Amino acid sequence: MTVAVRDGIGVMSALPTPPYPTPPDNSPGAGGEYEYRELTVPRGMSRSELNRVLTDHAEYGHWELARVRLSAGGRRRVWLRRRIIRVVRTG
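Residues numbered from 1 in each chain as written. Predicted model: local features only at pLDDT ≥ 70, side-chain atom pairs only at ≥ 80, totals over all residues. Heavy atoms only, no water.

**Section: the overall build of the chain**
Which entries qualify depends on this criterion: Think of it this way: any DSSP run of H or I at least four residues long counts as a helix, any run of E at least two long counts as a strand, and we number them from the N terminus. For each residue, the accessible area found with a 1.4 Å probe, counting protein chains only, is set against the maximum for its type, and the residue is called buried under 20%, exposed over 50%, and partly exposed in between. The accessible surface values rely on the Shrake-Rupley method and a 1.4 Å probe; as for residues, cover is taken only from the protein chains in view.
When helices and strands are counted, the chain shows one helix and five strands. Residue burial in the chain is summarised as follows: out of 91 residues, 31% are buried. Here the chain displays about 6,300 Å² of accessible surface, and carbon together with sulfur accounts for 52% of that area.

Written out as structure tokens, the structure reads:
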């Protein structure tokens, strides 16, 4: 199964897309220096599969879990976040 990822424009895609720098209006952490990525998980995906997907995002992309919403149809929307690191130019 694939997990759909939503980019900043709102287009749904099965391919990873660049994260958007500001959270959706209803997600936590609206004032922090984080970038967010939203994953839409289909109803049929098992919890162990979802755990593997989220673990991969955490280990290789340095994402952390910000929010999970379960809809009435069984679909899950997951928001991941990671801190934006600003590099200051020296010299």
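Picking up after the structure, the text goes on.
**Notes on the packing of aromatic side chains**
For the record, the criterion: Whether two aromatic rings pair depends on their centres lying within 6.5 Å, for rings of Phe, Tyr and Trp, where Trp uses its six-membered ring; planes under 30 degrees apart make the pair stacked, over 60 edge-to-face, and the rest tilted. Two conditions define a charge located above a ring, namely a distance within 6 Å from the ring centre to NZ of Lys or CZ of Arg, and an angle within 35 degrees of the ring normal.
All told, the structure shown has one aromatic pair when counted by the stated rule. Its end group placed over the ring of Trp-79, Arg-67 keeps NZ or CZ at 5.7 Å from the ring centre. If you follow Arg-81 out to its NZ or CZ, it ends over the ring of Tyr-34, 4.1 Å from the centre.

**Observations concerning the nonpolar core**
We count it as follows: Remark: nonpolar core denotes a set of buried residues (Ala, Val, Leu, Ile, Met, Phe, Trp, Tyr, Cys) joined through side-chain atoms within 4.5 Å. Contact between two residues is taken to exist if any of their heavy atoms lie within 4.5 Å; hydrogens are not considered.
By size, the foremost hydrophobic cluster in this structure holds eight residues: Leu-39, Val-41, Met-45, Leu-50, Leu-54, Trp-63, Val-78 and Leu-80. Setting aside chain neighbours within four positions, we find Leu-80 in contact with Glu-35, Tyr-36, Arg-37, Leu-39, Leu-54, His-57, Trp-63, Glu-64, Leu-65 and Ala-66.

**Some details on unusual backbone geometry**
The phi dihedral of His-62 falls on the positive side, at around 60°, and the residue is not glycine. A relative accessible area of 62% places His-62 in the exposed class.

**What about helix 1 (residues 47–61)?**
Formally: What a helix is expected to span follows from its residue count: subtract one and scale by 1.5 Å. Note: the arc covers the axis-to-C-beta directions of the helix.
Between the first and last C-alpha of helix 1 there are 20 Å, a value that for 15 residues agrees with the 21 Å anticipated at 1.5 Å per step. What helix 1 keeps buried is the set Leu-50, Val-53, Leu-54, His-57 and Gly-61. Here the buried residues of helix 1 occupy an arc of 90° about the axis, which is enough to place them on one side. Projecting away from the buried face of helix 1 at angles above 90 degrees are the exposed residues Ser-48 and Tyr-60. On its buried face, helix 1 is in contact with strand 3 (34–41) and strand 5 (76–83). Just downstream of helix 1, His-62 is the residue with a positive phi angle, here 60°.

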